[in-house]
Amino acid sequence: MQASEKQKIIEVSNLNLSFGKKHILKDISFYCYEGEILGLMGISGAGKTTIVRVLVAQLPNFTGKVICAGMDVKKSGIKILQKIGYVPQLESLNLYYNFTALQNVRIFGSMFGLSKKEAIEQGKRIFQVLEIPEDTWKSKVKDMSGGEKKRVSIALGLINNPEVLFLDEPTTGVDASKRFDILNYLRKLNREIKTTMVIVTHDLETSNICDKVVLLRNGQIVDFDTPANLIYKLPSNGEIARLKIDELSNKIIETIQNKDYVKYVLRVGKNDIEVYLHDINNNIKKLVDQLVDNNILVSSVTRGEASFKRYFQIRMQSIEQSKNEV
Amino acid sequence: MGLKESFSRIIKLLYKEFSLIKGDKRALFMALALPPLIISAFGFVGVISDIEGTPINCAVITYDSLGYYYPQYNTTYYNSTWDSVFINMFNNGQFPRLKLKIFYNASEDPYSMHEARLDLASDKVDLIILIPAEFSEAIDLGFPAIIDNIPDGSNIETIKDSLNLMYTATNIFVETNNITPQINMNSRPVYGVPQNANEIMAWASTISLPFLIIGSCLTLTILSVVNEKPIPRLLITPAKKGEVLAAKYIANSIIMIAQCVLTVTFASIFGLYISGSIVDLFLALFAIGFYGMCMGLLISTISDTETQANQLLVAVFLIMILLSGMFIDISNMNIVLQVIAYGLPFAYAVPLISEICFKAKGIFTNPTLFWNFMGIIIICMVMIFLTYLIFKLKRKEV
Amino acid sequence: MYSLWNLIKKEFDRIITDRKSLIMLFLLPLITIIIFGLSSGGGYISTFDAALISYDSQSWNGTSYNNYESTMINSYLNSSLINLNSNLVFTESSGFNDSKIFNSLPPKVKLLLYNGDVAVIVVIPPNFSETVNKSINSVLYYVYDASDLMTTSSIGVSMQEPLLLFRVAISNFKGVVLAFPSPEYDVPSWYNQILNYSAAILIIIIILGTSINLTALSVVSEGPLPRMMLTPANKTNTVLAKFISYSAIMTVQALVVFFGSMAFGLYVLGNLIDILIVLILVGLSGVSIGLLISCISTSEQQANQLYIGVFIFLILFSGAFIPLESMPAAAQMFSNSLSITNGIQLFLDVSLKGMSLDLLRVSFILIFILVLLIASIVIFRFRKMEV
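Counting of residues starts from 1 at the beginning of each chain's written sequence and follows it residue by residue. Labels follow written order: the first chain is A, the first ligand is 1, and so on. Thresholds applied to this predicted model are a pLDDT of at least 70 for local features of residues and 80 or more for the giving and counting of side-chain atom pairs; totals over whole chains, interfaces and linings are not thresholded and use all residues. Only hydrogens and water are set aside when side-chain values are computed; all heavy atoms of the structure are taken into account.

**Quick look at the overall build of chain B**
Numbered from the N terminus, helices here are DSSP runs of H or I no shorter than four residues, and strands are runs of E no shorter than two. A tally of helices and strands in chain B yields 14 helices and seven strands. For 398 residues, the compact-globule estimate of 2.2 N^0.38 gives 21 Å, and the C-alpha radius of gyration of chain B, at 30 Å, exceeds that figure by more than 25%. Judged by the C-alpha coordinates and their principal axes, chain B covers about 110 × 40 × 40 Å. Counting the 398 residues in chain B, one finds 53% classified as buried. Here the analysis covers contacts within chain B between residues at least 6 apart in sequence; of these, 75% occur between residues at least 24 apart. Note on areas: Shrake-Rupley with a 1.4 Å probe; residue coverage comes only from the protein chains shown. Roughly 17,700 Å² of accessible area belongs to chain B as shown, and the carbon and sulfur atoms make up 64% of that amount. Note that His is not counted, nor are the chain ends; the positive residues are Lys and Arg, and the negative ones are Asp and Glu. In plain terms, the charge of a residue is placed at NZ if it is Lys, CZ if Arg, CG if Asp and CD if Glu. Looking at chain B, you have 25 positive and 30 negative side-chain charges, and the mean spots of the two groups are 27 Å apart. Throughout, radius of gyration means the C-alpha value; the globule benchmark is 2.2 Å times the number of residues raised to the power 0.38. The buried label applies to any residue whose accessible area, calculated with a 1.4 Å probe on protein chains only, is under 20% of its type's maximum; exposed applies above 50%, and partly exposed to all values in between. In what follows, residue pairs with any heavy atoms lying within 4.5 Å of each other are defined as contacts.

Shown next as structure tokens:
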């Protein structure tokens with residue numbers, strides 16, 4: 001395997017953390033190779049941010065083994081901060097708004113012991129990768145656009161050429177088109193600077209750029225794999241049937257759901273459903289025939305790939321259901 | 001016809017204002033609890049402390065026993081009775097508040113004055129009393145007998161105190177020893193604080209009541225506009241700018257009235273002296289509180305950020321205090337400063353409160369007081385107008 | 001060391017970009033000094049507007065006496081401390097009531113006091129000329145407006161002057177015992193007395209107020225600070241950097257106050273450098289108080305309220321408003337440990353007494369600063385900061 005030649009830059013095994021009697025993180029184990037993008041995903045309160053706070057040595061009272069940027073967090077403590085970068089969710093918590101972008105770079109660079117020249121050089125290099133317009137470099141951050149602020153914020157995270165860059169919800173609060181841009185920039189950075197990235201997010205589209213994802217729920221790991229592998233775990237290896245049915249009703253959905261070869265049905269539009277069935281090659285025809293027999297008008301049938309978002313929905317739904325059944 | 005809708009909207013906006021004020025528990029606490037607490041502190045100090053009884057430590061030096069030489073008889077006349085009488089009275093504590101700490105006899109110790117001055121410099125004593133040579137002779141022969149009174153001048157209060165106390169002391173000395181003829185002044189204070197009232201509280205109240213009410217109304221309202229992020233959103237509903245402001249004035253006025261009532265109640269518990277009508281006192285306080293509120297809302301409307309509003313508050317408050325007449329009598333100020341002082345509330349508020357409390361004047365029966373009262377109201381009106389104008393002109397974007 | 005230096009540079013950048021606060025910092029003290037510099041008055045002897053009413057009958061049991069009434073009135077008219085307007089001299093032949101003097105006065109005279117036109121009414125009783133003639137004790141009365149604290153505290157002394165003028169006029173000094181004031185360490189009369197008598201309290205309070213105000217927001221208002229703590233920047237250095245840079249700004253401010261007050265006629269008997277040292281020491285203590293407030297507070301609003309609370313508290317315990325001697329022993333000790341109390345005393349000692357710096361008080365201030373600074377660092381280290 002290609003990956004085994006690489007170093008594990010993050011390795012967490014059997015991480016447990018409690019605040020008083022509250023067990024926050026339960027037996028967390030995952031790892032990540034150098035140069036990869038790791039997504040920590042889950043709904044709010046799942047424990048994503050807590051894991052990052054352990055990794056950046058802000059919560060020392062954990063048990064288990066935690067290696068970050070090649071250092072044992074327990075032993076190194078806050079020394080690790082020299083080797084990592086961090087991009088908070090809110091720019092106001094990261095940038096001095098009254099300073100120019102380059103001033104910000106200089107200040108944060110100096111904290112890592114960079115000289116003014118080094119910091120500015122490194123800053124300009126990243127600004128160029130992130131395509132921040134050169135004429136704004138010397139204007140105050142408060143006068144920049146939202147997208148530019150975000151990119152300056154990301155650049156600050158990279159100022160010390162960190163081995164691992166942590167990004168907290170980089171796409172939250174950004175509109176759809178910008179979100180796409182930011183993900184593109186992150187991928188570009190990952191390719192050009194080869195920084196390992198850990199992205200904490202509940203935005204499932206981010207999985208598109210992740211090499212691995214950790215799915216979390218209530219402080220426990222639900223899944224840890226590549227997004228492709230996870231989708232592959234769905235019935236028929238993630239292949240789905242999209243049906244357009246005129247006058248779609250809950251009753252019809254229920255009928256489909258009750259077929260023994262149908263695993264899940266998701267309504268995705270007014271007249272559209274996605275059907276996850278076993279052995280799609282044989283069963284799709286069977287399903288359509290049965291529907292037609294029942295006088296249900298199927299206006300179109302297409303086959304396609306399930307998205308990660310769908311995987312997440314189905315996975316969480318099934319956990320909820322199994323819990324309810326117990 | 002729009003009036004009715006406008007009215008009902010104001011009622012709803014009022015509800016919003018109260019919810020906002022209630023939501024900020026700390027600000028509400030500051031507004032309602034702090035003035036009564038501080039006024040109670042004054043009252044308490046007035047009840048327990050004995051500032052009048054604080055002694056002034058004295059060093060007394062006498063040069064009197066050195067004798068007096070009569071050239072025409074070629075003899076030296078020794079008479080030192082009067083200085084020892086004076087010193088004995090001093091030592092027996094017959095002079096109020098003056099405490100004989102160190103005594104020097106200059107006829108025995110030629111360095112007395114030098115030592116006494118060292119005592120003064122090192123704060124061992126606050127006052128040197130020097131009985132000159134020929135003190136007794138002057139009294140016996142009918143010349144004015146002069147005692148040198150050398151207070152520590154670095155504190156003007158000590159100078160004033162020593163002047164008053166020595167004046168009393170010499171009177172007692174003359175009277176007790178029946179040195180005639182005396183011409184005395186007999187003082188008859190009127191409009192003062194009666195014996196049974198809390199004196200410190202009474203003096204403090206003329207300045208501290210307006211000060212507290214204005215201060216807490218300012219802090220209550222200073223962030224009211226600048227802090228309310230959804231105002232721009234609110235303005236794209238049918239609510240009008242004037243209505244939003246009106247609701248703020250009304251809601252805060254109600255808090256302010258509660259605050260005045262609480263403060264006066266607490267002050268009364270500790271023996272606030274009010275010789276006039278309590279209704280007039282409340283009216284005056286309401287006007288003063290209203291001023292604080294108008295100023296607070298004006299600042300809040302002018303400011304772009306919280307920080308800016310807070311800084312303006314500090315600056316405005318400082319200038320108000322400096323020009324209040326508390327430190328410098330307004331008539332002693334430069335003419336420009338006087339003009340500013342009369343734009344500030346204390347120039348009106350202090351006479352209002354003191355005339356009502358001490359002289360029992362009524363706002364509506366005494367023209368001077370009425371115009372003091374109207375002065376505050378007129379300035380408030382100007383401020384409300386300005387606030388409205390700025391609020392209207394300021395572009396608020398969602 | 002390198003990190004500390006960079007943090008200091010960052011603080012300066014921040015302070016300089018916050019122009020509005022910076023302007024306030026220098027403007028406030030100047031405004032204060034200008035207000036006091038442009039005002040006059042404030043000496044320890046006051047003048048009072050007076051009216052006079054005489055009931056002197058100049059006769060007794062059919063015997064008429066020398067007219068001492070007009071001599072007395074002239075003494076008042078000539079007095080420099082009691083301003084008697086000749087229009088306000090009234091004579092009455094009857095109605096004098098020893099026990100209810102004010103109530104028995106004619107209404108127009110009473111009204112003068114009620115309306116505040118005069119502060120005092122001098123009353124010459126019916127038997128005045130008689131007593132002076134017979135060389136027995138004479139008594140005059142004065143009714144004053146006691147609702148004015150200033151009048152109450154200094155009218156007695158001012159009333160002595162016309163009496164002396166009268167004694168001079170009748171050339172009889174028997175029974176005169178005078179306490180003649182010659183204050184030591186006072187402000188010379190040719191200096192601006194109102195500025196100088198209040199200078200110690202005023203300047204110390206202003207320096208403390210502005211320096212606390214400036215620093216009270218330095219930690220809470222720095223949004224990116226928690227993020228900064230995810231770099232190798234050291235927490236102790238962060239607090240120290242703030243202390244050092246704000247102290248530097250404060251030093252400039254102390255210089256402005258120093259030269260500003262010189263320009264408006266501050267009287268300093270002692271060493272000028274000593275005054276400057278006192279200002280800077282007090283300013284440093286203000287910076288450390290502000291830092292502590294900022295480290296404790298969780299929001300700007302809270303810091304501001306704490307600032308106002310602490311400031312009122314400091315002023316109350318400074319000994320300037322309630323004399324130290326009248327406080328309980330514990331409160332006195334506490335008050336003596338505060339930088340404001342020591343600062344005011346040092347300023348007075350140097351400016352008016354011409355003494356050199358009292359090293360005990362200086363070390364008290366230094367200890368005060370150190371304790372607060374250490375407290376700030378400790379609190380900052382334990383402060384929960386989440387990005």
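**What to know about the overall build of chain A**
For chain A, the helix and strand inventory stands at 10 helices and 14 strands. For chain A, the proportion of its 326 residues judged to be buried stands at 54%. At a minimum sequence separation of 6, the contacts of chain A that also span at least 24 residues come to 68%. Distance between charge centroids for chain A: 6 Å, based on 46 positive and 38 negative side chains.

**Describing the interface of chain C and chain A**
Residue-level contacts link 20 residues of chain C with 26 residues of chain A. Across the interface of chain C and chain A, roughly 2,100 Å² is buried in total on both sides, 64% from carbon and sulfur atoms. The term salt bridge refers to a pairing of a side-chain nitrogen on Lys or Arg with a carboxyl oxygen on Asp or Glu at a separation within 4 Å. Taken together, chain C and chain A are joined by one salt bridge. Where Arg 106 of chain A meets Asp 13 of chain C, a salt bridge forms, and the shortest distance between an N and an O atom there is 2.9 Å. Residue assignment for the side of chain C that touches chain A shows that the elements contributing at least two residues are α1 (2–17) and α10 (225–228) of chain C. Summed over both partners, buried area is the accessible surface (1.4 Å probe) that two parts give up on being assembled.

**Here's the deal with the interface of chain B and chain C**
With 78 residues of chain B at the interface, the matching set in chain C holds 87 residues. When chain B packs against chain C, the two sides together hide about 7,700 Å² of surface, and 63% of this comes from carbon and sulfur. Counting the contacts that link chain B with chain C gives five salt bridges. In this structure, Lys 359 of chain B engages Asp 145 of chain C in a salt bridge whose closest nitrogen and oxygen atoms are separated by 2.9 Å. Pairs of N or O atoms are called polar contacts if they sit within 3.5 Å, as long as, within protein, a hydrogen donor faces a hydrogen acceptor (for residues adjacent in sequence, only side-chain-to-side-chain pairs). At the boundary of chain B with chain C, the tally comes to 33 residue pairs in polar contact (both at pLDDT 80 or more). For the side of chain B that touches chain C, the element with the highest residue contribution is helix α11 (residues 306–322) of chain B, accounting for 12 residues. Each residue is assigned to one of three groups, with Ala, Val, Leu, Ile, Met, Phe, Trp, Tyr, Cys and Pro labelled nonpolar, Asp, Glu, Lys and Arg labelled charged, and all others, Gly among them, labelled polar. Of the residues belonging to the side of chain B that touches chain C, the class tally is 45 nonpolar, 22 polar and 11 charged. Inspection of the sheet shows strand β7 (residues 183–190) of chain B paired to strand β6 (residues 138–145) of chain C by eight bridges, in the parallel sense. In this analysis, strands are considered paired if DSSP registers two or more bridges between them.

**Focus on the sheet that holds strand β8 (residues 196–201) of chain A**
Residue and element names in this part refer to chain A. With mixed pairing, six strands are arranged side by side in an open sheet as β6-β7-β8-β3-β9-β10. In the strand order of this sheet, the two ends are held by β6 (84–87) and β10 (220–225), each with one partner. Here the average twist between neighbouring strands, direction ignored, is 15°. Bridge count between strand β3 (residues 37–41) and strand β9 (residues 212–217): four bridges; the pairing is parallel. In the strand pairing of β9, Leu 38 is matched with Lys 212. The angle between two axes is taken between their N-to-C directions and runs from 0 to 180 degrees, where each axis is a line fitted to C-alpha atoms and a helix contributes only its stretch in contact. In the packing of helix α5 (residues 146–157) onto the sheet, the strands contacted are β6 and β7 (164–168), and the crossing angle to β6 comes to about 160°.

**So, the side chain of Ser 153 of chain A**
Structurally, the position occupied by Ser 153 of chain A is in helix α5. Residues within four places of Ser 153 of chain A in sequence aside, it is in contact with Val 87, Pro 88, Glu 91, Asn 94 and Leu 95 of chain A.

**Focus: the domain arrangement of chain B**
Boundaries between domains were set according to an automatic or database domain assignment. The domain architecture assigned to chain B consists of domain 1 (2–48 + 193–393) and domain 2 (55–176). Relative to domain 2 of chain B, the C-alpha centre of domain 1 of chain B lies at a distance of 52 Å.

**Quick word on the sheet that holds strand β1 (residues 8–19) of chain A**
Residue and element names in this part refer to chain A. Reading across from one edge, β2-β1-β4-β5 is the order of the four strands in this open sheet, with antiparallel pairing throughout. Edge positions in the sheet fall to β2 (22–33) and β5 (71–72), since each has one partner strand and no second. As paired elements, strand β4 (residues 63–68) and β5 share two bridges and run antiparallel to each other. Bridged to Cys 68 within β5 is Met 71. Contacts between helix α1 (residues 48–55) and the sheet are confined to β1, β2 and β4, with β2 contributing the most and set at about 65° to the helix.

**Comments concerning empty space enclosed by the protein**
Think of a 1 Å grid over the protein atoms and nothing else: a 1.4 Å probe that fits but is trapped marks a cavity, an open set flanked by protein within 12 Å on at least five of seven lines marks a pocket, and residues with an atom within 4 Å of a point count as lining. Grid points are joined across faces, edges and corners, and a volume is the space filled by probe spheres set on the points. Scanning the entire structure with this criterion turns up four cavities of 30 Å³ or more. Approximately 230 Å³ is the volume found for the largest cavity. Put simply, the parts of the chain that give the lining of the largest cavity at least two residues each are α6 (156–176) and β7 of chain B together with α8 (160–170) and β7 (177–181) of chain C. Per-class residue counts for the lining of the largest cavity are nine nonpolar, six polar and one charged. Quantified by volume, the second largest cavity comes out at close to 90 Å³. Thr 219, Ile 222, Asn 310, Leu 313 and Val 314 of chain B together with Gln 301, Asn 304, Gln 305, Tyr 307 and Ile 308 of chain C together form the lining of the second largest cavity. Where the lining of the second largest cavity is concerned, the elements lending two or more residues are α11 of chain B together with α13 (300–316) of chain C.

**Here we look at the arrangement of the chains**
Here two pairs of chains are in contact, and chains B and C lead that list by number of contacts. A gap remains between chain A and chain B, with no contact made and the closest C-alpha atoms lying 14 Å from each other.

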